[in-house]
Amino acid sequence: MHADGGLPAFAWDRDEIRRAGYRVVDLIADHIADLPAQPAFRPVPTALATALVEAALPRDGMSVDLVLDSFANVVGKHPFGNGHPRYYGWVNSPPAIIGVLAEAFAATVNASVAGGNHAAVWIERQVLDWVKQMLGFPREAMGLFVSGGSMAALTALAVARHVACAKNGLDVRSVGLQSATRLRLYKSAEGHGCNQKAVELLGIGSANIVTVPSDAALRIRADALDELLTRDIAAGDTPLAVVATAGTVNTGAIDPLDSIADVCARHGVWLHVDGAYGAPAILTPQYQAPLAAISRADSLAIDPHKWLYVPVDAGVILIRSASAMRDAFSLVPPYLRTDGNVAGVQGPTWFSEYGFEQTRPFRALKTWASLAHFGTSGYAALLQHDIAMALHLAELLRKDDAFQLWEPQSLSIVCFRAVPRHLRGNEPALEALNRSVLNEVQLGGEGFLSSTVIDGKFWLRACVVNPRAKEPDVDAVFHAVQAAVRKATVGGHSPHPSRPTPG
Ligand SMILES: *Cc1c(COP(=O)(O)O)cnc(C)c1O
């Protein structure tokens, strides 16, 4: 069956790579170009899902072309939806095509970027430097590409934990947390859940998360933070870190970073800024000022796979103190540490000394290629476009009194809910209505929204991180929402509110 003495062809020859590769390029081009004519989303049919999970492990391999057929026939037919111009769910962008192509080339060189003296290491260092410059972070800071904002938070809080324990004379890496003082993390209710996961994983326990009160715009109250820190420090607790958010995932709210940085500096507490979604907006004139103080963070998370449109996964963590980062992770004892050998095999200090991963993917290339291609001015224009589309949607909602818009609207997120006159004041009925509208829109295929809970109420939510979205697309999604509201309230009857559970 296999020509080469029974071995399957492993390293294909140039012509075979070209033939199969060009077919993949055709599939990519068709997929991207055909998406707008497809539904924004359609669930995988149950029969197909069952067939997929039950398919037998192949014993005899199949031809390249049969493998590639399923790219088009299965994978491409049921995408997540985020490549589509009318998809505004969660924080999921369409991929920058340059990043798609970069991903294939990164896999081609197949580098482990633990360290060494190969191009991938220097590309990662270069793009980390670019990200620092873009965000106003000092050049001496260290950073890493990680899988996303969640790993960024875990990495940052692990360093913060090491530093906080060291201040108490404790080497948390060797003795663990058994004898530590009580460590506490400060964040608002709007802070992303990944911070809670990190705190749980780091052995601090979610019971030690202190929820800092927010103002009416859902931004941390720096005065309240100050009081909480004063209280807890006086009581003998050790603040692990304050998490401030530069663009919350619910409403895009930007915490008052400068005031929070002042409070943290006064108490000597680590400031982690979660800019996973919002940090790139520092490139736009209207958000430059509110985001300027992200440069004061001890650690800063940004997700190129969100508002820089880099294909998933691409997260970045920056840590102001390179030595703290290394102390928290390196297994090379301090007396053996070197700055590497930039002329030799070893290259600069290995990335694996600064984080948890050893073998690391070449995530940096797709971000490097995208930044190189668009430049900061190109990105500024793309971000402005997304913000303009969000403002356009907000304007449509403002003009229609059957809807309530969450204000202040921020960044490229728009939260709203249908509030038809006959249901006003009836919260269970409003929630039931908006839930059914969401379901209708998501399954209708005309557009895609997600939802959130603000102030205990259910809201529809659009997040435009999507340069493919044009005004007629936003209009079409709005009309789909209006139609879904009409359908759910036909004849002026309220939809059946879900029965409140007793107790
Ligand atoms: C998405 C997001 C995260 C989590 O990042 P992942 O890349 O999903 O791990 C954290 N914080 C904010 C504000 C986010 O938008």
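All of the points below concern the structure found in this document. Note that the structure is a prediction, hence the values are computed from the model and not measured.

**Some remarks on the packing of aromatic side chains**
- Overall, the coordinates contain 12 aromatic pairs when judged by the stated rule.
- Relative to Phe448, the ring of Tyr87 has its centre 4.9 Å away and its plane inclined at 15°; by these criteria the two rings are stacked. With Tyr87 in the loop between α3 (64-75) and α4 (97-109) and Phe448 in the loop between α15 (427-444) and β12 (450-454), the pair connects residues that are 361 residues apart, well separated along the chain.
- Using a relative accessible area of 4% as the deciding quantity, one classes Phe448 as buried.
- Here Phe403 and Phe416 contribute two aromatic rings whose centre-to-centre distance is 6.1 Å and whose plane-to-plane angle is 70°, an arrangement assigned as edge-to-face. Pair noted here: Phe403 is in strand β10 (residues 403-405) and Phe416 is in strand β11 (residues 413-418), with a separation of 13 residues, a long-range link.
- We classify Phe403 as buried; its relative accessible area is 10%.
- Ring pairs connect the aromatic residues Phe41, Phe80, Tyr87, Trp90 and Phe448, which therefore count as one cluster.
- Sitting over the ring of Phe137, Arg320 keeps its end group 5.1 Å from the ring centre.
- Lying across the ring of Trp459, Arg417 places its NZ or CZ 5.3 Å from the centre.

**A short note on a nonpolar patch on the surface**
- Together, Met62, Leu66, Val67 and Phe71 make up an exposed nonpolar region whose accessible area comes to about 360 Å².
- Mapped onto the elements of the fold, Leu66 is located in helix α3.

**Section: the site of the ligand**
- In the vicinity of the ligand there are 13 residues, among which Gly149, Ser150, Asp274, Asp303 and Lys306 approach most closely.
- Contact distances for the ligand include 2.8 Å between an oxygen atom and a backbone N or O atom of Gly149.
- Lys306 has a polar side-chain atom sitting 2.8 Å from an oxygen atom of the ligand.
- Only α6 (149-167) and α12 (304-307) provide two or more residues apiece to the shell around the ligand.
- Grouping the constituent residues of the shell around the ligand by class yields 4 nonpolar, 6 polar and 3 charged.

**So, the pattern of salt bridges**
- Under the criterion given, the structure shown has 32 salt bridges.
- A salt bridge links Lys306 to Asp303, with the shortest nitrogen-to-oxygen separation between them at 3.5 Å.
- On the basis of relative accessibility, which here comes to 15%, the residue Lys306 falls in the buried class.
- Here Glu431 makes a salt bridge to Arg435, at a shortest N to O gap of 2.9 Å. You can see Glu431 and its partner Arg435 sitting in helix α15, 4 residues apart, about one turn around the helix.
- With a relative accessible area of 28%, Glu431 lands in the partly exposed category.

**Thoughts on the packing of α4 against helix α14 (residues 364-399)**
- Relative orientation of the contacting elements α4 and α14 amounts to 140°, with a least axis distance of 8 Å. The handedness of the crossing between α4 and α14 comes out as right-handed. In this structure, α4 uses Ile98, Gly99, Ala102, Glu103, Phe105 and Ala106 to contact α14, whose residues at the interface are Leu365, Lys366, Ala369, Ser370 and His373.
- In terms of residue class, the contact of α4 with α14 is built from 6 nonpolar, 3 polar and 2 charged.

**Digging into unusual backbone geometry**
- The step from Val312 to Asp313 runs through a cis peptide bond, and the omega angle for that step is 0°.
- Cis peptide bonds are those with omega within 30 degrees of zero, and the linkage from Glu407 to Pro408 qualifies with 5°.
- Of note, Pro408 is situated in the loop between β10 and β11.
- The phi angle at Leu411 is positive, at roughly 50°, despite the residue not being glycine.
- Tracing the sequence through the fold places Leu411 in the loop between β10 and β11.
- The buried category is assigned to Leu411, whose relative accessible area is 0%.
- Although it is not a glycine, Asp455 adopts a positive phi angle of roughly 55°.
- Considering the arrangement of structural elements, one finds Asp455 in the loop between β12 and β13 (457-463).

Calculation rules
- Residues numbered from 1 in each chain as written.
- Predicted model: local features only at pLDDT ≥ 70, side-chain atom pairs only at ≥ 80, totals over all residues.
- Heavy atoms only, no water.
- Phe/Tyr/Trp six-rings, centres within 6.5 Å; stacked < 30°, edge-to-face > 60°.
- Helix = DSSP H or I, 4+ residues; strand = E, 2+ residues; numbered from the N terminus.
- Buried < 20%, exposed > 50% of the residue type's maximum accessible area, 1.4 Å probe, protein only.
- Lys NZ or Arg CZ within 6 Å of the ring centre and 35° of its normal.
- Patch = residues over 30% accessible without salt bridge, like charges linked within 9 Å, V, L, I, M, F, W, Y side chains within 5 Å.
- Areas by Shrake-Rupley, 256 points an atom, 1.4 Å probe, with all protein chains shown as cover.
- Salt bridge = Lys/Arg side-chain N within 4 Å of Asp/Glu carboxyl O.
- Near = heavy atom within 4 Å.
- Polar contact = N/O pair within 3.5 Å; in protein donor to acceptor, adjacent residues only side chain to side chain.
- Nonpolar A, V, L, I, M, F, W, Y, C, P; charged D, E, K, R; others polar.
- Axes fitted to C-alpha atoms, helices over the stretch in contact; angles between N-to-C directions.
- Left-handed = near helix turned anticlockwise from the far one by under 90°.
- Contact = heavy atoms within 4.5 Å.

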